[in-house]
Amino acid sequence: MSAPMEVVLSADSAGQLWNCAVFDPHAGTNLLSYRGGNTSARSLTVLNGEYILGAQLGKNFINVWEIQRKDQLQQKVVCPGIVTCLCASPNGLYVLAGIAEAIYLWEVSTGNLLAILSRHYQDLSCMCFTDDSSHFVTGGKDNLALVWNLSSVVQLDSPHTPEPRHILSLHSLPITDIHCGLMGPQARVATASLDQTVKVWEISSGQMLLSVLFDVGIMSVTFDPCEYFLFCGGSDGNIFQVSLCTTSLSRDKTFQKDNDGNQVFKGHRNLVTCLSVSMDGTLLLSGSNDETVRMWDVQSKQCIRSITHKGPVTNAAIIPAPANMFVPDSRPSIPLPRFSRHLNPSEQGDAGGVCVRPGANTQDLEGTYLEKADELYSLMCAITDKSVFGDGENTKVRVSELEEEVRTLKKINKDLYEFSTQLLTKPN
Amino acid sequence: MTKKRKRQDDFQKVKLKVGKKKPKADNATDVNFRSKAIHLPEQLKQSNAGPTTHRQLNIKDLLSQLHHYNSNVKQGALVGLRELLSGHPTLVEQHTSAILSEVAALFTDKDGTVRAAAVRLLRFVSQCIPVERVAPFFPLLSAHLTCAMTHISESIQEDALRVLDVLLEHFPGLLSQRHNILLANFFELISQRRMGKKGGTGQDKPSKGRFVLSFNTNRSVTAQQWRLTVLLRLSRFLQAVVEERPLEEGMTNRNALEMWAGEKSSTTPIEVKWEEHAFGKGRIQMFEHSGATPTPHSTYRLRPDSNLAVGMNKDLNSAETVQGFAGTLVPLLLEIWVEAAGGERVQTDSGHLLSPESMALMFQILTILQLLRRLTPQGDQQDILDAWFRNTYLADFKHHFMKNFPYGLLEVARHKKKVDGKRFHQQAVVATVAGGNVEPLALNVTLCQVMVTLSLKGCSDGVGQDADWLGPIRDFIKETLSSGSKLSSKHLAALLEVVWRMIVTQRSRVVTDELLQAVYVQYQQRNLGVTVRTLLLSFFSQLYIEEHQNHPHIARSKILACWLASLPVQLVQLGSRNPQLSAHLLETVQSAAARGNKDLLNILQKRACSLYDPQDGCVVVLPVESQKKLVQILYFLPVIPPELLSCLSQVCNAGRVSASLATTLMRTIHLRSPLSGWSSGSQDVPVKDVDYLSFFFTTLTGFSSETLEALQHTDEDCLLPSSTLSPLSVLATTLEQFLHHWDVVEEVCHCLETLGSRAQCFDVIQTAIIKNLCGLAVVPDCLCTAVLRCIPLLLDINFLPSDTLLHFLSDCCLTMLNLLLQLEQSTRKRDRVWEACFTALSAVPRLLRLVLQSFRVCDLCEEELPLLAQILSLLLQHAQLRNHMMANASLLQHIIQDLTHFYSGETREQWLTDLLYCYSVTLSGPRANMGMREMY
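Residues numbered from 1 in each chain as written. Chains lettered and ligands numbered in written order. Predicted model: local features only at pLDDT ≥ 70, side-chain atom pairs only at ≥ 80, totals over all residues. Heavy atoms only, no water.

Draft legend 1. Structural detail: the overall build of chain B. Check the secondary structure of chain B and you find 45 helices and 7 strands. Taking all 936 residues of chain B together, 47% fall into the buried category. Looking at chain B alone, contacts between residues at least 24 apart form 74% of all its contacts between residues at least 6 apart. Of the accessible surface of chain B, which amounts to about 46,900 Å², a share of 53% is contributed by carbon and sulfur atoms. (Helix = DSSP H or I, 4+ residues; strand = E, 2+ residues; numbered from the N terminus. Buried < 20%, exposed > 50% of the residue type's maximum accessible area, 1.4 Å probe, protein only. Contact = heavy atoms within 4.5 Å. Areas by Shrake-Rupley, 256 points an atom, 1.4 Å probe, with all protein chains shown as cover.)

Draft legend 2. Inspection of the overall build of chain A at higher detail. Secondary structure assignment for chain A yields 4 helices and 29 strands. A burial count over chain A gives 52% of its 428 residues as buried. Considering only residue pairs separated by 6 or more positions, chain A has 48% of its internal contacts joining residues 24 or more positions apart. On chain A, roughly 20,200 Å² of surface is accessible, and the fraction owed to carbon and sulfur atoms is 54%.

Draft legend 3. Helix 16 (residues 356-374) of chain B, seen in detail. Over its 19 residues, helix 16 of chain B runs 27 Å from end to end, which matches the ideal 27 Å to within 8%, given 1.5 Å per residue. Among the 19 residues of helix 16 of chain B, 15 are classified as buried, and the element is accordingly described as predominantly covered. (Expected span 1.5 Å × (residues − 1).)

Draft legend 4. Expanded view of the pattern of salt bridges. Residue and element names in this part refer to chain B. One pass over the structure, following the stated rule, counts 18 salt bridges over all chains. With a shortest N-O distance of 2.8 Å, lysine 74 and aspartate 109 are connected by a salt bridge. In this pair, lysine 74 sits in helix 3 (residues 71-87) while aspartate 109 sits in the loop between helix 5 (96-105) and helix 6 (112-128), placing the two residues 35 residues apart along the sequence. Arginine 236 is the partner of aspartate 165 in a salt bridge, and the nearest nitrogen-oxygen pair spans 3.2 Å. One end of the pair, aspartate 165, is in helix 9 (residues 154-170); the other, arginine 236, is in helix 12 (residues 223-243), with 71 residues separating them in the sequence. One network of salt bridges, with partners in common, ties together Arg115, Asp159 and Arg162. (Salt bridge = Lys/Arg side-chain N within 4 Å of Asp/Glu carboxyl O.)

Draft legend 5. Examining the environment of serine 810 of chain B more closely. Residues and elements named next belong to chain B. Following the sequence through the fold, serine 810 ends up in helix 38 (residues 803-822). Here serine 810 falls in the buried class, since its relative accessible area comes to 3%. Placed 44 residues apart in sequence, serine 810 and serine 854 show a C-alpha to C-alpha distance of 8.3 Å. Not counting chain neighbours up to four residues away, the residues in contact with serine 810 comprise Leu847, Leu850 and Val851.

Draft legend 6. Spatial organisation of the sheet that holds strand 12 (residues 124-129) of chain A. Residues and elements named next belong to chain A. Spatial ordering of the open sheet is given by 12-13-14-15, a layout of 4 strands whose pairing is antiparallel. Each end of this open sheet is capped by a strand with a single partner; those strands are strand 12 and strand 15 (166-168). Neighbour to neighbour, the strand axes of the sheet diverge by 20° on average, direction disregarded. Across 5 bridges, strand 12 lies against strand 13 (residues 135-140) in antiparallel orientation. When the bridges of strand 13 are listed, cysteine 128 appears paired with valine 137. (Pairing = 2+ DSSP bridges. Axes fitted to C-alpha atoms, helices over the stretch in contact; angles between N-to-C directions.)

Draft legend 7. Local environment of the packing of helix 11 (residues 179-190) of chain B against helix 12 of chain B. Residue and element names in this part refer to chain B. Where helix 11 contacts helix 12, the axes come no closer than 10 Å and their chain directions differ by 165°. It follows from the interaxial angle that helix 11 and helix 12 lie roughly antiparallel. Here helix 11 and helix 12 pass one another in a crossing that is left-handed. Residues His179, Leu182, Leu183, Phe186, Leu189 and Ile190 of helix 11 touch helix 12, and the partners they reach there are Trp226, Arg227, Val230, Arg233, Leu234, Phe237, Leu238 and Val241. Grouping the amino acids of the contact of helix 11 with helix 12 by side-chain chemistry returns 11 nonpolar, 1 polar and 2 charged. (Parallel < 35°, antiparallel > 145°, perpendicular 65-115°, else oblique. Left-handed = near helix turned anticlockwise from the far one by under 90°. Nonpolar A, V, L, I, M, F, W, Y, C, P; charged D, E, K, R; others polar.)

Draft legend 8. Expanded view of the state of the cysteines. Residue and element names in this part refer to chain A. This model, assessed by the stated rule, comprises 0 disulfides over all chains. The structure places no disulfide on cysteine 79, whose sulfur is separated from the nearest cysteine sulfur, that of cysteine 85, by 11 Å. Owing to a relative accessible area of 0%, cysteine 79 belongs among the buried residues under this scheme. (Disulfide = S-S within 2.5 Å.)

Draft legend 9. Broad picture of the side chain of asparagine 149 of chain A. Residues and elements named next belong to chain A. With respect to the secondary-structure elements, asparagine 149 resides in strand 14 (residues 145-149). Exposure remark for asparagine 149: the relative accessible area of 18% places this residue in the buried category. Not counting the four nearest positions on each side in its chain, asparagine 149 is found in contact with Ser134, His135 and Arg165.

Draft legend 10. Main features of unusual backbone geometry. Notably, asparagine 143 of chain A is not glycine yet its phi reads approximately 75°, a positive angle. A residue is classified by how much of its surface remains accessible, and asparagine 143 of chain A, at 5% relative accessible area, is buried. One non-glycine residue, arginine 846 of chain B, lies in positive phi territory at about 70°. What makes arginine 846 of chain B partly exposed here is its relative accessible area of 47%.

Draft legend 11. Looking closely at the sheet that holds strand 2 (residues 20-23) of chain A. Residue and element names in this part refer to chain A. Spatial ordering of the open sheet is given by 3-2-1-29, a layout of 4 strands whose pairing is antiparallel. If you trace the sheet from one side to the other, it starts and ends with strand 3 (30-34) and strand 29 (313-320), each paired once. Here the average twist between neighbouring strands, direction ignored, is 20°. As judged from the 4 bridges shared by strand 1 (residues 6-12) and strand 2, these two strands associate in the antiparallel manner. By the bridge assignment, valine 8 is partnered in strand 2 with phenylalanine 23.

Draft legend 12. Here's a closer look at the pairing of strand 5 (residues 51-56) of chain A. All names here are of chain A. Among the 6 residues of strand 5, 6 are classified as buried, and the element is accordingly described as predominantly covered. Bridging between strand 4 (residues 39-47) and strand 5 involves 5 bridges; their strand directions are antiparallel. From the neighbouring strand, valine 46 faces strand 5, where its bridge partner is isoleucine 52. In textbook terms, the turn of a hairpin is the stretch between consecutive antiparallel strands, and for strand 5 and strand 6 (residues 61-66) this stretch comprises 4 residues, one of which, glycine 58, has a positive phi near 75°.

Draft legend 13. Focus on helix 12 of chain B. In this model, helix 12 of chain B (21 residues) spans 30 Å end to end at C-alpha, consistent with the 30 Å of a helix rising 1.5 Å per residue. Taken across its 21 residues, helix 12 of chain B has 17 buried, putting it largely inside the fold.

Draft legend 14. Structural detail: the packing of aromatic side chains. Inspection of the entire model under this criterion finds 24 aromatic pairs over all chains. Between phenylalanine 136 of chain A and tryptophan 148 of chain A, the aromatic rings sit 6.2 Å apart at their centres with planes inclined by 15°, giving stacked as the arrangement. You can see phenylalanine 136 of chain A sitting in strand 13 and its partner tryptophan 148 of chain A sitting in strand 14, a full 12 residues away along the chain. For the pair formed by phenylalanine 136 of chain A and tryptophan 148 of chain A, the shared burial category is buried. Centroid distance tyrosine 635 of chain B to phenylalanine 636 of chain B: 5.4 Å. Interplanar angle 85°. Geometry classified as edge-to-face. (Phe/Tyr/Trp six-rings, centres within 6.5 Å; stacked < 30°, edge-to-face > 60°.)

Draft legend 15. Spotlight on a positive patch on the surface. Residue and element names in this part refer to chain B. A grouping of Lys13, Lys15, Lys17 and Lys20 is seen on the molecular surface, where their side chains present a positively charged patch. Position of lysine 20 relative to the elements: it lies in the loop between helix 1 (2-10) and helix 2 (59-65). On the accessibility criterion, lysine 20 (63% relative accessible area) is exposed. (Patch = residues over 30% accessible without salt bridge, like charges linked within 9 Å, V, L, I, M, F, W, Y side chains within 5 Å. Lys, Arg positive; Asp, Glu negative; His and termini not counted. Charge placed at Lys NZ, Arg CZ, Asp CG, Glu CD.)

Draft legend 16. Region of the structure containing the nonpolar core. Counting residues in hydrophobic clusters, the biggest one holds 283 residues, and the most contacted among them are Leu369, Leu372, Phe401, Ile473, Ile477, Tyr612 and Phe855 of chain B. Those residues in contact with phenylalanine 401 of chain B, other than ones at most four positions away along the chain, are Leu334, Trp337, Met362, Ile365, Leu366, Leu369, Asp396, Tyr407 and Leu447 of chain B. By size, the runner-up hydrophobic cluster in this structure holds 21 residues, among which are Cys79, Val83, Ala88 and Ala102 of chain A. (Core = buried A, V, L, I, M, F, W, Y, C linked by side-chain atoms within 4.5 Å.)

Draft legend 17. View of the packing of helix 43 (residues 889-902) of chain B against helix 44 (residues 910-922) of chain B. Residue and element names in this part refer to chain B. Running from N to C, helix 43 and helix 44 cross one another at 160°; their axes reach a closest spacing of 12 Å. With respect to each other, helix 43 and helix 44 are oriented roughly antiparallel. For the crossing formed where helix 43 meets helix 44, the hand is left-handed. Touching Ala889, Leu892, Gln893, Ile896, Leu899 and Thr900 of helix 43 are Trp911, Leu912, Leu915, Leu916 and Tyr919, all from helix 44. For the contact of helix 43 with helix 44, the per-class residue count stands at 9 nonpolar, 2 polar and no charged.

Following this line, the structure appears as structure tokens:
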């Protein structure tokens, strides 16, 4: 049996059988389970495809497993307080944790605590990275969602304390969930709140694009990858599907069930705590306090499968299957260092290392999206125009040129090698 | 001979003699007549070509008369035009072009009365024409205006200002677009450009193109008064430029309340309608949104700025252009002030007392300075401009303006009026032109505003380099605010702006507290007007909400904390008197509660019971939006005590809040309880489990135990008496109340359903029902339905309900079924009652049996038999109940046998036929047929 492309990772708050488990989304079989403790809501995350991090419920540490060693904790990261939410950046370089009202940012490669951001007034409830790890959004029980630029947060010598790039302050009750769409800094982000609304914002400008009012508080929210639909898990167990393609012009609307896309998935009996959509947008995964994780077919709104847990589901997500997950002999490419508990920049000086952090403008090197689009377009045109292949004569000439170049390069390489061996072997 | 004689006849010689009168010549003209001009003020003929004036002149005649050489005719024509157009407004639209061009040409007429008439006509015409129709002719108008303003004759210049007034009043937007020409004209009016060596007042090195004040003795008013009138117009014009800025800048339409709310530039998003593109054939033009590194704001604009102001080579938006303009203007203003103040000082030796005239002058100067700063809309540009002003002019301003700061009004002695009565009269005229007397307070406040913008940002404490002049300002503000006098909202807004600026720039806790204390004194005054109160309120709330985090000295201010803590009390006191103010208060309270402000939450906790009082608390008296806010605030309360919960339960049921809001309220309580399993990990317990359950039970019943107790002893008419068929006496509630309670019960059931352990939850509810409800003889119908509705939903399969509960339920069920038969009129209530009974009967085991058992036919009187039969046929008709009925078939058979037995009527009634038919259909089995046979 070949390993599945995507897996379901879920955890419940009872943790009787296991802390978190991996299921096959199509067959529903339990593939792996990780033991030890239990995980609090919105705090289970996969770091770099090699580690699983989960914050212990009600305790001040984070459990870390190597992804292939399911029976044994790799380490426990002790934190200054109870971790309410946890998130690893998609590029695997940073780990964010919400502890009380402060955001802690660790660098994975060194384990240094880079920043403690305390702009929230009350406990954090959720946090989310953009897919390119350039920004992150945090939401708290103080009704605020903050958009942060990662590179501005990790600036070493900045005299100012880091400021969020945008403050999204239109909710009137605590934020319960945040979901970031694709497209990096141009993504749209959806925030769900107990005030019975879900709002969609633009990260680049911080403006609200859409606000949908429901009749129940919304506990979880997600997009499908194409952002055709918005899925909102209510506190009464219904999951609402909102079509984002409708042509209504108003920014505020009230959810009403209709035939063109606005639908309700009925099945859960208690509040829906987590939602996730598969890569192809056909499967919806939902976890609820009624102790089940359900798999839905988005097209037909049917519940395909229900996986019963032993306690209220705290985390459930469809993730691309990490390469190491089903290879018991594999090792993580980098060992996870001890995470430091204190913000101590002077320590880095003692180690004598040079700390390199991405500057605010590293992204300038890449072309703009418009240029990329043009490039892509010309490439696509080129294939249809056959200009890549050209006629036979040109290709031959080109191939011989390239072979010539390879030969030259090999020669240079050889010379370099001989020269350096001479230099090294020469007795001095 | 004859010829000779004849010739003599022809030419007779007239002999003139000395002493005799000279005879008159035959051809002498008799000049003994008087000539009179024939004046044709009106035409005789009645022309039918359009309407005419009372002089029968139509518009063509009048327009042609405007070219007449005689000024009287011109004036008459202007007056006639005015009459004609006011009588026939449609003519204005037809002849806009002609009228405007002809009238504009008369701006520079050499006769004063004609000009005055022209201005009057212009004023009238501009009332009639909308702005967009004037726009095409505006270049012409402004060209004539410019011509008049730069005219060599002083009186024409003066009248040009009147024209400007009219245009400013009606077309400020159009006028402000032509600022590059007009601003230069203003300079020309009060000064002259020095060319080369031709210096007017003889300064040493007159640089080329520099303006110096001109002085003209020919004017009818003094130079100072003239300058005042010009400055007044200039400030009005600048005001128009600032206000009529294209909307894209986003700063124009902020009102007085937001004036201090920080210098954030906002962007206006564009709306793209996809329908327009969906069927378009062309490729959609893509615009670079933000690239790989997005800009902080999406600055995309539909139209670039340069296209907007067509023909404007310099736009008054950037700091550089404003600097250039201000570089010319500010020295002139200073010079004017020096001259005026110098003249003052001769008369008085106390510098801080000013005559009304110079006070008005200074006020205009300061207003212009203020407007100059506001010309640049963007925040960063404004900072540049502020810095430039500070570097260039701070010393001058300090020297000229701040030396004698707080200014007062000089009392003009009476006898002076006699000495130069004429001058004084003119002065009064000018003063009225200048918009009345300027109060010293307004002057001082404006001065503060101007000076404070010059203060350095981020100055660490009060003893910085600006302390020498900021000190007096601070003292003045403190004194003004805390003197206890009532300020008008305009002055107050300006003062608060100054306070805001000082607090933000001077990061000193002492200064902040002093200033806030002064504002707070003002706030605490009683009987403030609504606008003033709102202003103060929004000042504090903005200060708290926006600047709180960035400035720790504000966050730590005791006054702010004190103010916050007083809010809940104010809310309670305000009640329903001013809903807008309450909404404003609630907004601040909500954001403070969301931020977990401890002081506020404590006070809120203390006052919660009065805020959420079911009789006259804010939650029931305020409008819906505020009610919603109050319910949301509930979420943030650290502890919800039992007393508050009992209030809230009554609020839910009282019907003064909508059902949806009551639902939200219950959900909030539900979420705050640890039983809901959402807020895991928090240490504190806002709602105790006992309180939680009792809250939901009370809400479920809809009546407090006292009310129910009192109900047992009333003998009202609305009670339906108990009988054998309905064991309980029923209080029929209104349809509205019933439906509201139904919605509430739905939510209660849902909340209780999602609790962790169903069996335990049911046990608790069962005990509560047995203890509180089972003994009742009189019950409201909504309570009965609620119980019947909730029990089947909460029932656990493994848990058997107790007998007491079942008996109570069967009583309820029977009563409701009985009630059902009487509820013919309202189907909505009927449907719900039936739904409740039906689900209870089908879901609760043994309930149907108990109900059937309690039909004791022998005890019924004759009239009740049809009722019983109807109930039975109702139950039998329902398909879903069929299985249950089958299970109790023997009992049913027994009842029907009794029924036929006891019915002693001679003829078989319709109801009996119906019942027997239903029975036979339901139990259509061999056994049933057998039973039927036995019966007959």
